[in-house]
Structure formats: structure tokens, C-alpha cells
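# Working through the structure, step by step
Spelled out, the chains give:
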Amino acid sequence: MEEMITLTIDSKEVKVPKGTSVLDAAKMIQVEIPTLCYHPDLHPSAACGICIVKINGKMLRSCCTPAEEGMEVITRDPDIIEARRTVLKLTLSKHPNECLTCQKNEMCELQSLAGKFGIRANAFDNITPTPFEMPKDASTKCIVLDPRKCILCGRCVEVCQHIQNVWALSILDRSVKTHIAPAGDSRLADSPCIKCGQCTAHCPTGALVEYDDSERVWSMLQEKDNYCVVQIAPAVRVSMGEAFGYEPGTVTTGKIYAALRKMGFKAIFDTNFGADVTIMEEGSEFVERFVNGNGVLPMITSCCPAWVDFMEKFYPDMIPHFSTCKSPHAIVGALTKTYYAEKIGVEPSKIKVISIMPCTAKKFEILRSKEMFASGFQDVDVSLTTREICRMIKQAGIDFVNLQEERADSPLGEYTGAATVFGFTGGVMEAALRTVHYLVTGQEMNKEDLEVKPILGVEKGIKEMTLNLAGKEVRICVAHGTGNVETVMKRLQEAKEKGEEPPYHFIEVMACNGGCIGGGGQPLGVTDEIRKARMAGLMSDDEFSEFRCSHQNPSIKKLYEEFLGKPLSEKSHHLLHTSYQPIPLYKR
Amino acid sequence: MAENESQEKIKEDTQKLLTKWKNKRGALIMALHDIQGLFGYVPWEAMEVTAKEMGVPMARIYAVLTFYNYFKLKAPGKVIISVCDGTACHIKGAQGLLDAFYNCLGLKDGQTTEDGLFHLQVVRCLGCCGLAPVIVVNGKTYGKNTPADVQKIIAEWREKMAETQGV
Ligand code: SF4
Ligand code: SF4
Ligand code: SF4
Ligand code: FES
Ligand code: FES
């Protein structure tokens, strides 16, 4: 039994588990306290002071004060409101008045607080020192840092250092010069940044946002000669609805297809088709390594570009362990400009492939190496985040909620349940195992075994299990959030040093907490609750699929018959596989 | 080429220096202090070696370095002070000037301040005995100096360096 504590909040008694913050205790009885630097994913930095309350008569910050037995808390009185207004006014006095043109317009936590508190004029015009001027950093073309809009809440630093363990960002300098930047004031592109975008998903203001490619896509759509093709990632179908008022986790695939068609895309494909191909290739690669001894073990998944970037920077000795298979959207790109182009008789140079991703790192991936031009052209022309496409749909004036559901186009639009679970942590592994089981034993997995329970779920950062495959033990590990990678790597290293067998045969890593459902390009305001809801949405999409294993997808069978031959064929290698290089942490 | 060589040297020297601090917890600031003592500033290459050897991310090292004003991140422009102790200057009170430099900067012949900014050297007749006692700073000649002038000269060069080098 958890130890419970009783306290009074605004004269109301409330019982909470020991360790609960005053802020969370208030939430439990529907008392709202404003916050700015606090985020439920992160350790409170207590930087801003807007969450102030009176506790036993003293003004304290509620986000970082644990509830105690017998505490008397007052969350609102004229003094408290005055103090909160002062915090806001001070913050605003250093903030550019650029809401109208800001990418965070209507999504900014600072803006909505200013609105709520009715701040109408800059009260500190005269006493504020000139803000520290620093140029925007858009060098990664994935995320944009505008230090002028930064309120130094510290969320991005917390997520980058402690959740992701990348340490690209830190708080530099002091007093009026304090700012957020990589060491040496390097550009983000020259820093360890892996472009996961988690900082943009957690920044309350417009200081860290996704690199906006939507105008480029509008002009591609305008160009009459272009044949614009679009594909949506697994995790997008359960998050996009949030921007249009749906509950998190609602599966809106059919409406998304319809909206994209209205925007003028000529073919609507699904990245899930690519995920099925990934499984065919990666599953076969694993069988090669595990059963036939061709290649090193453990094999590590490679469909998350931020994870690939992380590995190339922090663990370059692991390169031989990486699956050479490309990620699903890159595969759809390459196949669209070859297989599909041939089929419909369109010049591949006229085809523009746009991918809708939960991810900022995908913008980097499409240019990361020469293999991303396997079709002879850039395989994916633009990668948009979920947030960008939601804005574009709104710009187009499409009434998303009332759209008739539509279907994707053939053949790169058909997918199985295995592909759809790619969107959350453990899903790639699960999908791979379904097909690996078939490849090794020649038999389909039992229906009850399809969901490999121990490796699913967002609560634990590292999940392990052992599976019996035709009498052989397969040891599996799944990690999400790059901050959990170090532990896994240490286990591998220790075994190596002791001359033992590696503790795992197959490892899945996704850079974002929860996997792509919690991706850096997803609708804002994510919490574990929302991650779970989005995951549940994808699991139901899987459950109700006609086919639940990649190798059963009729369009995939046809693709191999008509075009690729078999998995790991020469053609597959050329179009669907890639390579990795060590990358220095800093470029000077 | 020359630059690569000096970078390698910085890395080697830092490595040697860090053996003392490597396995001590919380020794980062002291290690950085020693590095600055050695080079007169904390070079980027030395930071990289420190990050690796001490298992501390660059982001933290750089945050520490920029938080304390004490740390210098660029090689400070050296101010070379030559005090003449030729016969004429010696008679006219060169020793008093040297004492003043010692009092103000803690420097004796051939020494450099910890931050690498000032270097003091004693020279023989500079050929302008009429101005004795003579001081030359980075090519600029000061004549008929008194110990009080020493302070002014130091202040003048500090300001100049702060302006041009940002140190
Ligand atoms: S994108 Fe990821 S790695 Fe890069 S600064 Fe943001 S949180 Fe850090
Ligand atoms: S960039 Fe955003 S998240 Fe980071 S400190 Fe500034 S306001 Fe906070
Ligand atoms: S986990 Fe998914 S959303 Fe996050 S960086 Fe990797 S691919 Fe992108
Ligand atoms: S929200 Fe509590 S101090 Fe900022
Ligand atoms: S001895 Fe001093 S200038 Fe000649």
C-alpha cells in the first residue's frame, strides 16, 4: 500500500500518495494552477514561478513542492494572482511581439497565458535590458531554434540531456547573456543533435519548432507537370485527429486519405506498405544472421533515423550490428519512383514523393546518404511532420471531421496489422517476429501469440524477453528514448569483455519515448496518457486487420513476384538497403 | 599543418594533466582550472579530451566554462612587456618599475600571468637612454616612467585587449 497524505487545497480535503506535488494534488480535485516551465514528462526545473501558491501562508512553487500531511494550500487570492501577473509581465518584457507571424501562433503556452491573464501592455519597457540577440539556427533543416523567443524554461535542455541523453543543448552563459545552445555555440547541425525533435515537442513557445516545409509542398502541388504522391506513417493515423478535436488515439486513416486527396495529391500511399517490405527484408536479414550465421549478432533495428544518427555518433563500433534495411518511408519513396513509375508509365523525374511523418529526423534522413537516391532521383522529396500537415489541411479549409472516409491507392497503399504496430515501441520487433517465425518454422504464429506482451507498453524504458523459435532461444531487447540506450550497450560490452555470448540476439530501438506515437513531430501536449491512447489506437488497427503478418500482404507478394524477386535480392539491396558511417560529435 | 601539430600537442598535454583528476568525483572545475593554468585559456581540443577522459558531456563543460567569468575560451592576445635594465635605466630606477610590475601582476623576469595575458621580460639597453627608465609594450615605447605609471600602462593594455580580443 502506498502511503497516503491528507492536505487541504482551497478548503477542500484531498488524499494523495506520498511524493505527489502540490500541483498534481490540485489537479486531482480539478483545481487548475497555471504552469509554464513545468511539463509532466520532465523533472521540474522550477524556473518560472508562475505556479506559485500559498502554503501555510508562504508563497511557494507548487510544481516542485511535495504535498505534506496537514498542509493548507491556497491556490488563488489577489496576492497570488498579482504575483503570477508579475512573472508573466517580466517574461513578456523580454519577448518579441511577433505572435502574428510566429509558427507557434495559437499553440503557444506563453501566448495563451498572456491572453488568459489579460496582459495588455509591456509594463517593464524601461527597465528591461536589451535582449540578447542571437540568430536563428535552422542548420539541421529539421528543427529551428530562435533564441529570441526563448523564455529559459529549461524543458528542451531537460529532454535533450536527461531523456534523450544527447546533450546537444545546454544553458550557456549567465545573467542577460544566458541562452540555450550547443557547446561552443556550434550550429545544431555541427553538434551531437540527432534531430529527434523532442525539444520542439516540449518547448512551450516558438523558440524551438519543426523546420517548416509546407510552402515547398504547396508549390510542388501547384506545378502542373508534377505527379505528387503522398504516404502517411503508422503513428500519424492515431494522432492527427487530435488537431481536429478527436480524442487521442482515434484512428482517422480514412479521413486522412480523403483530406490528402482533396489537397491535390494524385496517389495516396501508405508508409505501412513500406513497413511490410521492411519486415520482409529485415526479417530475412535476421534469419540470415541468426540461423545461417551470416553476419554479427545482436542485430539492431535501423528504421528510426534519430537512432541511426545517435549510433553513428555515440556508438560507431555498433555499425556492423545494424540492419542495413532502410526505413519504411524511404522504401516507399524508392519503390514509387521505380516500381510504381514503371507500372503507370510516368517519368520518375515528374514524381514528387511527400511523406507525412510523426518525426523531425525524417527530414534529415531523406538526404543522409547516397542510398537515399537509389531510384536515380531523390527517393522522398519532402518529409512533413504531423503538425505541418494539420496546419496545411486547415489552410485548405478542409472540414476534416465531416469527411467521408476513403481508401488508399493500390498497390503501395495496402498494409497489414504488422505494419501498423511499427508506430510504437516494441512494434517493429513484434512485426518482425511474426514473419521471422514463419520464415524459420514454415508455420504461422498462433493467433494468441501475435501480441508479444512483454515487449509492448510505454512504461518501461527497456523491455526484455526470450522467445522459443523452433527449439532455439531468441533473446530480445526493446528500448525507447535514446536515454535508455547506454544501459543496453553496457550490457553488450560487459558480456563481450567477459567473453560471454551476447545477452541479446535482436534489439529494437526507437529514439522517442513511446516510439513514433510520441515522435518529435506529433501534435503538442503529449503525456504518457496520450501515448498510451495512441498506442491503443494502433493496436486496434492491427487487431481488425484482415492480414496481420507482413508476408501475408497480397501486394507485397506481388511486389516480390513482379519486381524484386526475393528478399535480400540484388535489386532489393540496391533499392531498399543502406550503409552507415561514424560521425564526429562536433564539427568545428 | 602547424595548426594540426599544436592541436595534437594540446591534446597530449591535456591528457597528461588529467591523470591527476581523472578518477576523482566532482573534479571538473579544478581540472579546467589546471588546463587554463597550462595554456592560459581552455582550448576546444582540451575540452574534448576532458569530456572523454572524465566522462562529462561537452555541453556541461561548456556550460561551466561560460558560467564563470574566470575561464577564458580564446587564447588571450599576449601583452609582452619589456623593461629595460640597461645602465641608464638602471640608474634612473628600473628596479622600482620591476617591483611595481611584481606588485601588480606578480611577475618576475620571464614569467606570464596565469591568464596568459601579460608576459614580462627584462632587456638590455633599448637605445633610447634619453627616455630612461624605458618600458616597451608590444612595440609601443613609454619613457621617463615612475612606478605609478606602471599601473596606468597595465590598465591601458587590459582595456585594449578586452576590446580587441573579448577576454
Ligand atoms: S532534436 Fe533531439 S537531440 Fe536535437 S536538440 Fe532537440 S532534443 Fe536534442
Ligand atoms: S527553447 Fe523553449 S524549451 Fe528551451 S528553454 Fe527556451 S522556451 Fe524553454
Ligand atoms: S522514434 Fe519515430 S518519431 Fe522518434 S525519431 Fe525515431 S522514427 Fe522519428
Ligand atoms: S511551473 Fe512551477 S516554477 Fe514554472
Ligand atoms: S639603458 Fe635604458 S634606454 Fe638605454
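Residues numbered from 1 in each chain as written. Chains lettered and ligands numbered in written order. Predicted model: local features only at pLDDT ≥ 70, side-chain atom pairs only at ≥ 80, totals over all residues.

Looking only at helices and strands, chain A features 18 helices and 17 strands. The C-alpha radius of gyration of chain A comes to 25 Å, within 12% of the 25 Å expected for a compact globule of 588 residues. Projected onto its principal axes, the C-alpha positions of chain A cover 75 × 60 × 50 Å. (Helix = DSSP H or I, 4+ residues; strand = E, 2+ residues; numbered from the N terminus. Rg over C-alpha atoms; globule rule 2.2 N^0.38 Å.)

Residues and elements named next belong to chain A. The environment of ligand 1 is made up of 14 residues, and the closest members are Cys160, Val166, Cys193, Cys196 and Cys199. Going through the elements one at a time, helix 4 (155-163) and helix 5 (198-202) are the ones with two or more residues in the shell around ligand 1. Here the shell around ligand 1 is composed, by residue class, of ten nonpolar, three polar and one charged. (Near = placed C-beta within 6 Å. Nonpolar A, V, L, I, M, F, W, Y, C, P; charged D, E, K, R; others polar.)

Below, the discussion takes up the domain arrangement of chain A. Residues and elements named next belong to chain A. The assigned domain composition of chain A is domain 1 (4-76), domain 2 (93-210) and domain 3 (215-576). Tallying the contact residues gives ten residues for domain 1 and twelve residues for domain 2. When grouped by side-chain class, the residues that make up the side of domain 1 that touches domain 2 number six nonpolar, three polar and one charged. (Domains from an automatic or database assignment. Contact = placed C-beta atoms within 7 Å.)

It is worth spelling out the environment of Phe314 of chain A at this point. Residues and elements named next belong to chain A. Mapped onto the elements of the fold, Phe314 is located in helix 9 (residues 305-314). For Phe314, a count of 18 C-beta atoms within 10 Å puts it in the partly exposed group. Put simply, Phe314 and Pro454 are 140 residues apart on the chain and 28 Å apart in space, counted from C-alpha to C-alpha. (Buried ≥ 20, exposed ≤ 12 C-beta atoms within 10 Å, placed from the backbone.)

With that settled, consider the site of ligand 3. Near ligand 3 lie 14 residues; those nearest to it are Cys304, Cys359, Cys512, Cys516 and Gly519 of chain A. Looking at the shell around ligand 3, its residues break down into eleven nonpolar, three polar and no charged.

Residues and elements named next belong to chain A. With respect to topology, five strands assemble into an open sheet ordered 2-1-5-3-4, the strand pairing being mixed. Single-partner strands in this sheet number two, and they are strand 2 (12-17) and strand 4 (58-61). Put simply, the sheet's adjacent strands are angled 40° from each other on average, direction ignored. Pairing geometry for strand 3 (residues 52-55) and strand 5 (residues 72-74), over two bridges, is antiparallel. Considered in strand 5, the bridge of Ile55 is made with Val73. Running at roughly 150° to strand 3, helix 2 (residues 78-93) makes contact with strand 3 and strand 4 of the sheet. (Pairing = 2+ DSSP bridges. Axes fitted to C-alpha atoms, helices over the stretch in contact; angles between N-to-C directions.)

Take the domain arrangement of chain B next. In terms of domains, chain B is made up of domain 1 (2-67) and domain 2 (79-165). The C-alpha centroid of domain 2 of chain B is placed 32 Å from the C-alpha centroid of domain 1 of chain B.

In this assembly, 14 residues from chain A lie in contact with ten residues from chain B. Tallying contributions element by element places strand 7 (residues 170-172) of chain A first for the side of chain A that touches chain B, with three residues. Partitioned by chemical class, the residues of the side of chain A that touches chain B number eight nonpolar, three polar and three charged.

Turning next to the pairing of strand 2 of chain A. Residue and element names in this part refer to chain A. Of the strand pairs in this sheet, strand 1 (residues 4-9) and strand 2 are connected by six bridges, and their pairing is antiparallel. In the strand pairing of strand 2, Thr6 is matched with Lys15. Counting the residues in the hairpin turn of strand 1 and strand 2 gives two residues, including Asp10, whose phi is positive at 45°.

Right, let's talk about the confidence of the model for chain A for a bit. When the pLDDT values of chain A are averaged, the result is 94; 98% of them are 70 or greater. Within the model, the stretch residues 126-130 of chain A combines pLDDT values under 50 with three contacts to residues more than four positions away or in other chains. (pLDDT = per-residue confidence, 0-100.)

The subject of this paragraph is unusual backbone geometry. A negative phi angle characterises most non-glycine residues, just as the trans form characterises most peptide bonds. Of note, the bond from Leu297 of chain A into Pro298 of chain A is cis; its omega dihedral lies within 30 degrees of zero at -5°. Looking at where Pro298 of chain A falls in the secondary structure, it is placed in the loop between helix 8 (271-290) and strand 12 (299-300). A cis geometry characterises the amide bond from Ala132 of chain B onward to Pro133 of chain B, with omega recorded as -5°. Among the secondary structure elements, Pro133 of chain B is positioned in the loop between strand 2 (118-123) and strand 3 (135-137).

Our focus in this paragraph is the pairing of strand 10 (residues 227-232) of chain A. Residue and element names in this part refer to chain A. The element strand 10 is largely enclosed, with a buried count of six among its six residues. Alternating positions in strand 10 separate into two faces, Tyr227, Val229 and Gln231 on one and Cys228, Val230 and Ile232 on the other, with burial throughout. Of the pairings in the sheet, the one linking strand 10 to strand 13 (residues 351-357) comprises six bridges and is parallel in character. Opposite Val229, over in strand 13, you have Val353 as the bridge partner. Pairing analysis gives four bridges linking strand 10 to strand 11 (residues 267-270), with the strands arranged parallel. Opposite Val230, over in strand 11, you have Ile268 as the bridge partner. You can see the chain leave strand 10, run along helix 7 (residues 253-263) and come back into strand 11, and the turn it takes is right-handed. (Right-handed = clockwise from strand over helix to strand, strands pointing away.)

A few words on helix 4 of chain A. All names here are of chain A. Most of helix 4 is tucked away: seven of the nine residues are buried. Every buried residue of helix 4 is listed here: Arg155, Cys156, Val157, Glu158, Val159, Cys160 and Ile163. Structurally, helix 4 contributes buried residues whose contacts are with strand 7, strand 8 (179-181), helix 5 and strand 9 (208-210). Backbone geometry just after helix 4 places Asn165 at a positive phi near 55°.

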